[in-house]
Structure formats: structure tokens, C-alpha cells
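Each chain, written out:
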Amino acid sequence: MLIVLTSEQPLENEAEKLNILFEKGLKVLHLRKPTFDIDEYRTLLDKIESKYYNRIMIHQYHELCKEFALRGVHLQEQPRWDLKEQLEHYVQSYLEKGYQVSSSFHSKEEIEKCNVTFEYVLLSPVFGSISKAGYQGKGFDVSDLNEKVIGMGGINEHTISEAFKLGYRGVGVLGGVWNTTSFEDSFSGLLKSYNAVEQ
């Protein structure tokens, strides 16, 4: 599984860029805009071709998942903690309607302690971050975990094979696409490296 997360900052012609990534073969996009309100999310989604909605996991304003018939919802770490004993019920309410649910973690222990099963979990930082200066990688080896763990942090076309050697079943990319001179070329390179490892 190769996942791209949207840039935290608004980008010029962003929907057009996301449509290009989908055209090039992106299967799962995580839509995460920490500074957006719900209407700004709607405006961006309206500009993305609706045939790609079933490839989008949304991080905030989960009600938009149903409104736009998206792929599913992503629970960031704090919102997952905040749900406490309601977590299982919350996850089930989406699964029952045919949506997927994923979540973010920052340690292996937290994944092991969590008693709710997600489609997959994001674990970071695996390697030194490309998008966050000074965010050092932990090199987590997850080959002993049963969960489907997606590695994030410092992922580019050169580190994908290393991530798979550590037991990851996929990778999530942010800076490796958006902090480069060409998001299209970077994504193509990532996809090529990913497909080579997946064989």
C-alpha cells in the first residue's frame, strides 16, 4: 500500500495536482489540512474528480466521509485517545456503513496496547523526516506485529525497500512528494520503487 498525504499547507491548483496523482496510479490519499474549516474541505473535495472519492481517507470532519462517499476516515492519535471507551463503537459505526478506518501511532507499544482493529495503522517516524526538520527516525522494526503497519517519516524512492525490510506492509509519503522540485516525477519514482518491492 502506497499512501500519499496532502501537504499541510494549501497548494496552488491543489485539486488539479491531486487528480494528476490519481491518474498516475495513486490508490489511497489521506486528506489532512489542519488549518482548514469544514467548508474549505468541501471546496477542495468539490474540485477533485468524484470518481476518485473512493480513494480518499479524511482526517478531520469525518461527517464529510458520508457526504462525499469517501473511502473512509482516519483517526489521528489525539482524537483516538479522546474517544476512550467510545472508540470501538465509533469505528464500528463507519465499518457497518462500508467505510474503512485507519489510525496514527508513534510507538509500537501503543499499537500493541490498542484493542481496536483498524484496516491499517500509520507508524512514524521510521526514518528522519523530510517535511519536519529535526524529526529523527526511530527505525521501528515491526516484523513481529500482526497489524498491517504503514511506515511514515523519511519515505522516498530510496528508503521504501528499507521500510519493507523492517516489516512494513506499505508506506505513507508527505515530504517525499510535496517537498520536491516535481511532485509528479517524485510520485512516479516512488511508485516505481514501491512496485519493485511489492513484486
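This one's a predicted model, so the numbers in the text were calculated from it and none came from an experiment.

Structural notes on the overall build of the protein chain
Okay, step 1: Regarding its fold elements, the protein chain presents nine helices and eight strands.
Okay, step 2: Taking 2.2 N^0.38 as the reference for a compact globule, 199 residues should give roughly 16 Å; the C-alpha atoms of the protein chain span a radius of gyration of 16 Å, in line with that estimate.
Okay, step 3: Viewed in the frame of its principal axes, the protein chain has a C-alpha envelope of about 40 × 40 × 35 Å.
Okay, step 4: In the protein chain, buried positions account for 53% of the 199 residues.
Okay, step 5: At a minimum sequence separation of 6, the contacts of the protein chain that also span at least 24 residues come to 62%.
Okay, step 6: Split by element, the accessible area of the protein chain, about 9,800 Å² in all, is 45% carbon and sulfur.

Points about the nonpolar core
Okay, step 1: Judged by nonpolar contacts, the single largest core of 69 residues is most densely connected at Leu45, Ile48, Ile56, Ile58, Phe118 and Tyr168.
Okay, step 2: Ranked by residues supplied to this core, first place goes to helix 9 (residues 183-198) with five residues.
Okay, step 3: The contact partners of Phe118, leaving out residues within four places of it in the chain, are Leu75, Arg80, Leu87, Val91, Val101, Ser102, Ser103 and Phe105.

Notes on the packing of aromatic side chains
Okay, step 1: Evaluation of the coordinates by the stated rule reveals nine aromatic pairs.
Okay, step 2: Aromatic pair Phe22 and Tyr52: ring centres 4.7 Å apart, planes at 20°, arrangement stacked. With Phe22 in helix 1 (residues 14-23) and Tyr52 in the loop between helix 2 (38-47) and strand 3 (56-58), this residue pair connects regions lying 30 residues apart in the sequence. For the residue pair Phe22 and Tyr52, the accessibility class agrees, reading buried in each case.

A word on the sheet that holds strand 3
By definition, the strands of a sheet pair up through backbone hydrogen bonds, in either a parallel or an antiparallel sense.
Okay, step 1: With parallel pairing, eight strands are arranged side by side around a closed barrel as 1-2-3-4-5-6-7-8. Across the sheet, the mean angle separating the axes of adjacent strands is 30° when strand polarity is ignored.
Okay, step 2: Two strands pair when backbone bridges link them, and strand 4 (residues 72-75) and strand 5 (residues 100-105) are joined in this way by four bridges, in the parallel orientation. Looking at the pairing, Val73 lines up with Val101 of strand 5.

Structural notes on the packing of helix 1 against helix 9
Okay, step 1: Two numbers describe how helix 1 lies on helix 9: the axes approach to 11 Å, and their chain directions differ by 25°. It follows from the interaxial angle that helix 1 and helix 9 lie roughly parallel. In this structure, helix 1 meets helix 9 at a crossing whose hand is right-handed. Taken together, the residues of helix 9 that come into contact with helix 1 (itself represented by Lys17, Ile20 and Leu21) are Phe183, Glu184 and Phe187.
Okay, step 2: Partitioning the contact of helix 1 with helix 9 into residue classes produces four nonpolar, no polar and two charged.

Definitions and cut-offs
Residues numbered from 1 in each chain as written. Predicted model: local features only at pLDDT ≥ 70, side-chain atom pairs only at ≥ 80, totals over all residues. Heavy atoms only, no water. Helix = DSSP H or I, 4+ residues; strand = E, 2+ residues; numbered from the N terminus. Rg over C-alpha atoms; globule rule 2.2 N^0.38 Å. Buried < 20%, exposed > 50% of the residue type's maximum accessible area, 1.4 Å probe, protein only. Contact = heavy atoms within 4.5 Å. Areas by Shrake-Rupley, 256 points an atom, 1.4 Å probe, with all protein chains shown as cover. Core = buried A, V, L, I, M, F, W, Y, C linked by side-chain atoms within 4.5 Å. Phe/Tyr/Trp six-rings, centres within 6.5 Å; stacked < 30°, edge-to-face > 60°. Pairing = 2+ DSSP bridges. Axes fitted to C-alpha atoms, helices over the stretch in contact; angles between N-to-C directions. Parallel < 35°, antiparallel > 145°, perpendicular 65-115°, else oblique. Left-handed = near helix turned anticlockwise from the far one by under 90°. Nonpolar A, V, L, I, M, F, W, Y, C, P; charged D, E, K, R; others polar.

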